[in-house]
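# Geometric and topological summary
Each chain is listed here by its residues.
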Amino acid sequence: MAGRWRTRLGILSAATVLAGGLTACGGSSTASGTPTLNWYINPDNGGQQRIAADCTAASNGAYAIDVSILPSDAAQQREQLMRRLAGNDTSIDLMSLDPVFVPETSEAGFLAQIPADLQQQWSDGVVDGAVQGATWKDQLVAAPFWANTQLLWFRESVAQAAGLDTSQPVTWDQLVAAAQAQGTAIGVQGQRAESMTVWVNAMITSAGGTIIENPDAKGEDLRLGIDSEAGRAAAKVMQDITAAGVGGPGIDNRDEAATANLFQQGGAAFMVNWPFVYAQGKAAAEEGTMDQAVFDDYGWTTYPAMSQGQEAKPPLGGIDVGVSAFSEHQDAAFQAVSCIVSEQNQAAYMVSDGNPAALESVYDDPTVQEAYPMYDTIRESLKAAAPRPQTAYYNEVSQGIADRWQPVSSVTQQTPVTSQEYILEVLRGERLL
Amino acid sequence: MQTRSAGDVSVSRSAARKPRGSDKARSEARLGWYLAGPAFVILIAVTGYPILQALYESLFSFRLTAPGDREFVGLKNYGVILTDGLWWSALVNTALITVVTVAVELVIGFALAMVMHKVLGWLRPIVRTAILVPYAIITVVSAYAWQYAFALTTGFMNDLLGLGDFDWFANKWSALFVICLSEIWKTTPFISLLLLAGLAQVPADMTEAAKVDGATAWERLWRVTLPNMKASIMVALLFRALDAFRIFDNVYIMTNGAAGTETVSSLAYNQTISRLEIGLGSAVSVLLFVCVLVICFVAIKVFKVDLARARGEG
């Protein structure tokens, strides 16, 4: 009998502890009355965590920021956030959002409306593409935090041997010829993923086209510009890469990280990629996993152009910080965002995590210039960059492109028209994706 | 005086066929219902409710990020799916993976079951543990291990086989081959465990008698062992076929449906989770459920699987 009572007491105390724990998990305020803001971030080198700690300390008790890490893949980050937000989850206060998902999040009513004065404050001095990426229906709906762009990376020695003049804008044709002449490859991202849309969009916009002609429209009313001269020019670049045999091994399963590794290991002497590859190469040289001489041979210039005399529109990426419409501490969250995206934090984040700042003035910071010798090329590239399609249906458009433009070797002059028809059918609800 | 109608006759006939139990038997049956009843109700709640919800949602055009645009579309979602080549290609892939993996697993699983059955002494627990290890590994972990082994960057298989830069996951058939291989490695122990239970039920005196009568090992296997294991084999086939038909993890990790390796489960995931198209995704899930029901029906009716016998109640 005594044993049974002990068991019951045990269960009761376990339930009490569990209930207490759950209350602690669900609570968003500390005992002192300081609201705790939950910031859902994309994984990085710990930079956002440091910013959260710094802003917590600087707030003098106005708020504290806790960080929760989302999956590494942008599409999976969206999946998790959207499902939580659709359930009116009040545990999200701040979220690091890929700019391509800003319109969908805003259109669904998941983002808190930003006061006019803050809209002004958060967009002043920010590169134009980053402001566009954080804007939906003429309103700034999230704060630009960092603004990524892709550059053309090359091994100086190989480019020189090929006679490639990298002081002038390089075209895809020249790049294919140089890689073929030197028996090397061009690192591109041919995986059936979002990175494929980044590449296709950059080529179409660089050729003077656009993927979506009326981004504000409802899904079934969207008009696409993939089946166009620009679309066919993009397809031709892929056909040329395949025909010249300069795609390199594993092109159809290569994302940005795999491309960076291929370049590091000498499998490709040219690549298009985000600036994180520089920090990664530097670390590899310091750790001794790559020769210092190889790192010293790293060269860079702006994204390849589609033809001579036609300025390239490099890919634009980055992260915006949004405040949830369901947050119970929106005022504190707005204050926290102002701290997160401050010039000082953007500069420190660029140095620590290799992600370029959205504020143009950061590129004048001597520490940034020292850490990133290509700072001027990044700034130039950001100014010329074109955002990916800004639509609430980005996921369908992007998946449709990735599905029809992959594998790279299957791309023909028919690909633009077939992919356009497919995406339109998906948007009208007539096809599976 | 009581008179009997025709109806009473039929009742008494059926009673004659199936005699009514004693009071004790009836009270035991009642106790059985009292004990199993709560579990039965919970089972209906946790399986029945989501199925009915999915059936209901499948009749709408409903996107999670546009709740205001929810619209009743009747059976349109089913029409879209059943007229789309992607559904049929995913169905063929899934059926192919099911047939290939279950067939190979049955043969290897039977051989392993024989080994586990025959081995004696101190070696028995070691052999049984060694054979069961792959089944203890989480599918996602095993999927990553196989992907890393065959990947261009981290893999050692290309070096081992002298295949150079061959990209296993860029081609439908080579990707499906690795997916099947991983599936077979992972779940053969499950089938061998079920078959081992069957082997243990084969009467030893029957095998002995066949041996005395001069039957060869092959004849004993075909004429004595396998016929006595029929129920176990059928249950193993049914369980594994259902499991294989729901394949998701391996495909998701290795190709995520690229190179034409989409399966029915990954298709449902894509519509529901990636696209947040709850209506279309629910319709795919309902069709997947119908496929599972068909497999169950075929296995139980056509192959006469007797689950009660397999549990040792026959």
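Only a predicted model underlies this, so the values are computations on that prediction, with no experimental measurement involved.

About the criteria used
- Residues numbered from 1 in each chain as written.
- Chains lettered and ligands numbered in written order.
- Predicted model: local features only at pLDDT ≥ 70, side-chain atom pairs only at ≥ 80, totals over all residues.
- Heavy atoms only, no water.
- Helix = DSSP H or I, 4+ residues; strand = E, 2+ residues; numbered from the N terminus.
- Rg over C-alpha atoms; globule rule 2.2 N^0.38 Å.
- Areas by Shrake-Rupley, 256 points an atom, 1.4 Å probe, with all protein chains shown as cover.
- UniProt positions renumbered as here; feature names shortened; annotations may be inferred.
- 1 Å grid on protein atoms, 1.4 Å probe; cavity = no way out; pocket = protein on both sides within 12 Å on 5 of 7 lines; lining within 4 Å.
- Points joined across faces, edges and corners; volume = space filled by probe spheres on them.
- Nonpolar A, V, L, I, M, F, W, Y, C, P; charged D, E, K, R; others polar.
- Pairing = 2+ DSSP bridges.
- Contact = heavy atoms within 4.5 Å.
- Axes fitted to C-alpha atoms, helices over the stretch in contact; angles between N-to-C directions.

Within chain B, the regular secondary structure consists of 15 helices and two strands. For chain B, the C-alpha radius of gyration of 25 Å lies well beyond 20 Å, the compact-globule estimate for 314 residues. C-alpha extents for chain B along the principal axes are approximately 85 × 65 × 30 Å. Carbon and sulfur atoms form 68% of the exposed surface of chain B, whose accessible area is close to 17,800 Å².

Cross-referencing UniProt, the feature "domain: ABC transmembrane type-1" (unreviewed entry) maps to residues 91-299 of chain B in the present numbering. Structurally, residues 91-299 of chain B comprises 79% helix and 0% strand, and the distance from its first C-alpha atom to its last is 19 Å.

Moving on, we come to the layout of surface pockets. Roughly 500 Å³ of volume is contained in the second largest pocket. In this structure, the second largest pocket is lined by 24 residues; those nearest its centre are Glu-220, Leu-427 and Gly-429 of chain A together with Ser-61 and Glu-277 of chain B. Listed by contribution, the elements that provide at least two residues to the lining of the second largest pocket are α19 (415-427) of chain A together with β1 (60-61), α3 (76-82) and α14 (278-302) of chain B. Of the residues contributing to the lining of the second largest pocket, the split by class is eight nonpolar, five polar and eleven charged.

Further remarks concern the sheet that holds strand β10 (residues 298-301) of chain A. Strand pairing in a sheet relies on backbone hydrogen bonds, with the paired strands running either antiparallel or parallel. Residues and elements named next belong to chain A. Strand order in the open sheet formed by four strands is β8-β9-β7-β10, and the pairing between neighbours is mixed. At either end of the open sheet lies a strand with only one pairing partner, and these are β8 (186-187) and β10. Sheet topology note: the strand β7 (residues 151-155)/strand β9 (residues 270-273) ladder contains four bridges and is antiparallel. For Leu-151, the partnering residue across the bridge sits in β9 and is Asn-273. Docked against the sheet, helix α12 (residues 276-287) engages β7, β9 and β10, running at close to 170° with respect to β10.

Bringing empty space enclosed by the protein into the picture now. To find leftover empty space, one rolls a probe the size of a water molecule over the atoms. All names here are of chain A. Counted according to the given criterion, the structure contains three cavities of 30 Å³ or more. Empty space within the largest cavity amounts to approximately 50 Å³. Pro-99, Val-100, Gly-129, Gly-133, Leu-316, Gly-317, Pro-387, Arg-388 and Gln-390 together form the lining of the largest cavity. In this structure, the second largest cavity occupies an estimated 40 Å³ of space. Looking at the second largest cavity, the residues that line it are Ala-74, Gln-77, Arg-78, Leu-81, Ser-96, Leu-97, Asp-98 and Phe-101.

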